[in-house]
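A structural walkthrough
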Amino acid sequence: MKKRLITKWYFVLVVVILIIEAMTFIMAGSAHTYVGIHDNLDIHITDYQLLRDSHAFFSHNVTIPILGGIDRNFLLSEFYLYSVLYMIFPTFTAYIIGYFMKILIALGSGILLGKDIFQEKYPEYEWLVVLFSLIYGLLPLYPAFSFAFSSIPLLVWLIRRVVCDGKTIYFLLSLIYPILSYFTFFGPFIVGYLFLYFLWKSWRDKRICIRVFISTILITIGYVLIEYRLFYLIFSSGEPTIRDTMIEDDLSVAGVIGEALEVFRNSIFHAEDLHRVLVIYVVLTALVVINGLYVYRGKLRSIVEDPFNRLFLFICFNCMVYGLYHCGPLRNLFEKLIPPLKGWQYNRTVFFNPFLWYILAAIVVKKLYDAHRKKISIIIAIAVLISVMGTQSLYNDFYNTVYVNLWQTLKNEKSETLSYGEFFSESLFESIKKDIDYQGEYSAAYGFHPAVLSYNRIATLDGCLSYYYQSYKEDFRKIIAPALDKSEVGRKYYDNWGARAYLFSGSEESIWSPERTKEVTDHSLLIDIDAFRNLGGKYIFSRIELDNAGELGLELMGKYENDTSPYTIWLYR
C-alpha cells in the first residue's frame with residue numbers, strides 16, 4: 001500500500017490539495033470566504049438567487065424584479081449544468097460545489113484526453129497528465145462559466161473519438177456537450193473552429209470528413225436548444241437592445257498591436273490564467289530552443305509540422321483577433337455582414353488561450369522527461385502548480401480566502417475586502433425590510449451594488465445585465481441624467497455601454513465599489529426624482545448620508561447597521 005502511494009504520489013497530491021481547499025471553505029463559511037465580486041457576485045450569482053427566489057428557472061412569461069422588472073428570458077438558461085447547482089442547493093453552497101466541480105471536470109477531462117493521446121504509453125506519462133489537469137482545473141477563470149473553460153479538454157477528446165471511430169455515443173455526447181459550455185462565450189467559436197477543422201481535414205484527406213461535420217451540427221443544435229431563450233429574444237422580440245447602441249473604442253494600428261501584445265502577456269481578467277507568472281517564460285524559452293535546434297540541424301520542415309509551434313501560433317492568432325476587434329472599420333464590416341451579432345464580442349477567442357498555454361507547458365515538461373531530465377520536469381510541473389495556487393488574482397478564491405483571513409489575524413484588524421457574507425449582508429437587510437414592512441416596492445442602491453438588494457429580495461430599478469432592452473436604458477437614463485451631466489466619465493460609461501444601470505455620482509467614479517470603508521467628499525445625490533418615481537421607485541438605500549435629501553423631496557426613514565455587516569445604510573423614500 002505504501003509503495004503504491006509513493007508510486008501514485010501525484011494522485012495523493014491531488015487529494016491533499018482538494019481536502020485542504022474543502023476544509024478551508026467549510027471552516028470559513030460565507031462570512032469568511034473571499035471570492036471575486038466584480039462580474040461575479042454582482043451579476044451572475046445574484047441572477048441565480050433571483051431565479052431561485054422567483055421559482056423561475058423553467059418559467060415563462062415571468063417578470064424578474066431587477067431593472068424595473070425584466071423578462072426571465074434575459075437571464076441564464078436553466079439547462080446549463082452550472083445552473084442546475086443553484087436549483088438544488090442554497091446559493092453559497094452551490095457556488096462552492098461549482099468551484100470543486102470545475103476542478104474535477106478538468107481533471108477527468110484531462111485524464112481522458114491524456115489516455116487517448118498516449119494510448120499504451122499513458123502509464124508512463126500519467127503523472128504529467130494528472131498534474132497539468134489539476135493545474136488547469138485550479139486556474140482562477142470566470143466562475144460562472146468555469147465549466148465551459150474546464151471542459152475544453154473533454155471537447156478535444158470528444159472530437160478525437162468522433163474522428164477515430166464515430167460510435168453513436170460520441171455523436172450523442174456532441175449533442176449534450178453544450179450543457180457544460182456557455183454559448184455567448186464559447187459557442188460560436190467552438191462551432192467556427194470545428195468547421196475550419198472540417199474543411200482542413202476534408203482537404204488533407206481528399207474526402208469529406210462527414211463525422212466532424214455531423215458532430216459540429218449536433219453541437220450547434222445543442223447550443224440552440226439550451227439557449228432557446230436567447231435566440232427567441234434575438235430573432236423574435238423585434239425590440240432593440242443595449243447591444244445595438246454599445247460603442248467600442250477604436251484604436252490605431254499601434255493600439256491594435258498593443259492590445260494584442262497585452263493580452264498575449266497578461267490575458268484578460270475573465271480568463272486570467274496566470275501564465276504571466278511562470279508558464280510564458282517556460283514556453284518562450286522552449287520555443288527558442290526547439291526551433292533553434294531545428295534550424296541548427298537543418299530540419300526546417302519540422303518547424304512547420306511541430307504541434308508545439310502550431311499551438312503557439314493558435315495563441316498568437318487568438319490574441320491578434322482580440323486586438324483587431326478594436327479596429328473600427330473591421331468591426332463595422334462584421335456587424336453589417338451579420339446584423340444579429342451587432343455588439344457581440346468576437347474577441348473572446350482569447351478564452352481558449354488558458355488551455356493552450358498549459359498544454360504547451362505540459363509539452364515542454366514531456367520533452368524534458370523524454371530527454372531523461374525527469375527531476376527537472378517534475379520540478380517545473382510543481383513550480384507551475386505553485387505559481388497558480390500562490391498568486392493573487394480576482395477569481396483565485398482559495399488564495400484570497402486564505403490571504404485575507406491570515407492578514408486580518410496577523411494585523412488584528414478588518415481588511416477593506418468584503419467576504420461573500422459581508423457583501424450581501426443578509427441579516428442587515430432582513431432587519432430593514434421587517435422595520436419598514438417591505439412589500440416588494442421598487443428601489444435603488446447608492447454607494448453599493450444593487451445586486452446586494454436583489455440578493456436580499458428587494459426589487460430594484462437598477463441592476464447589471466449585459467443584455468436588456470434599449471428602451472429601459474433610455475428610461476433609466478432620465479433618472480441619472482443630472483449625474484451624467486456632471487461626469488463625462490460616467491456619461492461615456494453609461495451611454496457607450498450601459499450594462500450597469502446604476503445611480504452615478506457627479507464627482508466620484510465607481511461610487512458603488514465594494515469596500516469596507518466608504519469615504520466620499522460629495523454627499524449629494526444627483527438624480528431626477530420625478531423620473532425615479534415615474535418608473536415606480538419608492539426607496540433609495542444609500543451607504544452615504546445625503547445632504548440634499550430635502551431638495552429632492554426625500555424623507556429619511558432610518559439609519560441601519562449591525563455587527564455582521566460592513567454597511568451603514570441610510571434609507572430614504
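You'll find the structure just up there.
So, here is what we can say about the structure in this document.

What counts and what doesn't
Residues numbered from 1 in each chain as written. Predicted model: local features only at pLDDT ≥ 70, side-chain atom pairs only at ≥ 80, totals over all residues. Heavy atoms only, no water. Helix = DSSP H or I, 4+ residues; strand = E, 2+ residues; numbered from the N terminus. Expected span 1.5 Å × (residues − 1). Buried < 20%, exposed > 50% of the residue type's maximum accessible area, 1.4 Å probe, protein only. Polar contact = N/O pair within 3.5 Å; in protein donor to acceptor, adjacent residues only side chain to side chain. Core = buried A, V, L, I, M, F, W, Y, C linked by side-chain atoms within 4.5 Å. Pairing = 2+ DSSP bridges. Patch = residues over 30% accessible without salt bridge, like charges linked within 9 Å, V, L, I, M, F, W, Y side chains within 5 Å. Areas by Shrake-Rupley, 256 points an atom, 1.4 Å probe, with all protein chains shown as cover. Salt bridge = Lys/Arg side-chain N within 4 Å of Asp/Glu carboxyl O. Axes fitted to C-alpha atoms, helices over the stretch in contact; angles between N-to-C directions.

1. A word on helix α17 (residues 307–324)
With 18 residues, α17 should cover 26 Å at 1.5 Å per step; its first-to-last C-alpha distance of 25 Å lies within 8% of that length. Those residues of α17 that sit buried are Phe308, Asn309, Phe312, Ile315, Asn318, Cys319, Val321, Tyr322 and Gly323.

2. Structural notes on the side chain of Arg72
Assignment of secondary structure puts Arg72 in the loop between β2 (70–71) and α5 (81–88). Taking relative accessible area as the criterion, Arg72 reaches 0% and is therefore assigned buried. Polar side-chain contacts of Arg72 include one of 3.1 Å to the backbone oxygen of Phe57.

3. Some words on the nonpolar core
In this structure, Phe186, Phe429, Leu503 and Phe541 are the most contacted members of the largest nonpolar core, which totals 186 residues. At 13 residues, helix α6 (residues 91–118) tops the list of elements feeding residues into this core.

4. Here's the deal with the pairing of strand β6 (residues 537–542)
A regular strand carries its side chains on alternate faces of the sheet. Burial of β6 is extensive: five of the six residues sit out of reach of the surface. Two elements, β6 and strand β8 (residues 569–572), share three bridges in a ladder whose sense is antiparallel. Among the inter-strand pairings, Ser542 is bridged to a residue of β8, identified as Trp570.

5. Some thoughts on a nonpolar patch on the surface
Judged by side-chain polarity, Phe195, Leu196, Leu199, Ile208, Ile210, Phe213, Ile214, Ile217, Ile221 and Leu225 come together as a nonpolar surface patch covering roughly 880 Å² of accessible area. Of all the elements in the fold, those that place two or more residues in the nonpolar patch are α11 (183–205) and α12 (210–226). In terms of residues, the nonpolar patch owes the most to one element, α12, which gives six residues. Note that Leu199 resides in helix α11.

6. Focus on the sheet that holds strand β7 (residues 556–560)
Pairing is mixed in the open sheet, where four strands are placed in the order β3-β6-β8-β7. Looking at which strands have only one partner, the edges of the open sheet turn out to be β3 (442–446) and β7. Each neighbouring strand pair of the sheet contributes to a mean axis angle of 20°, computed without reference to strand direction. With four bridges joining them, β7 and β8 adopt antiparallel strand pairing. Its bridge partner being in β8, Tyr560 is matched across the sheet by Ile569.

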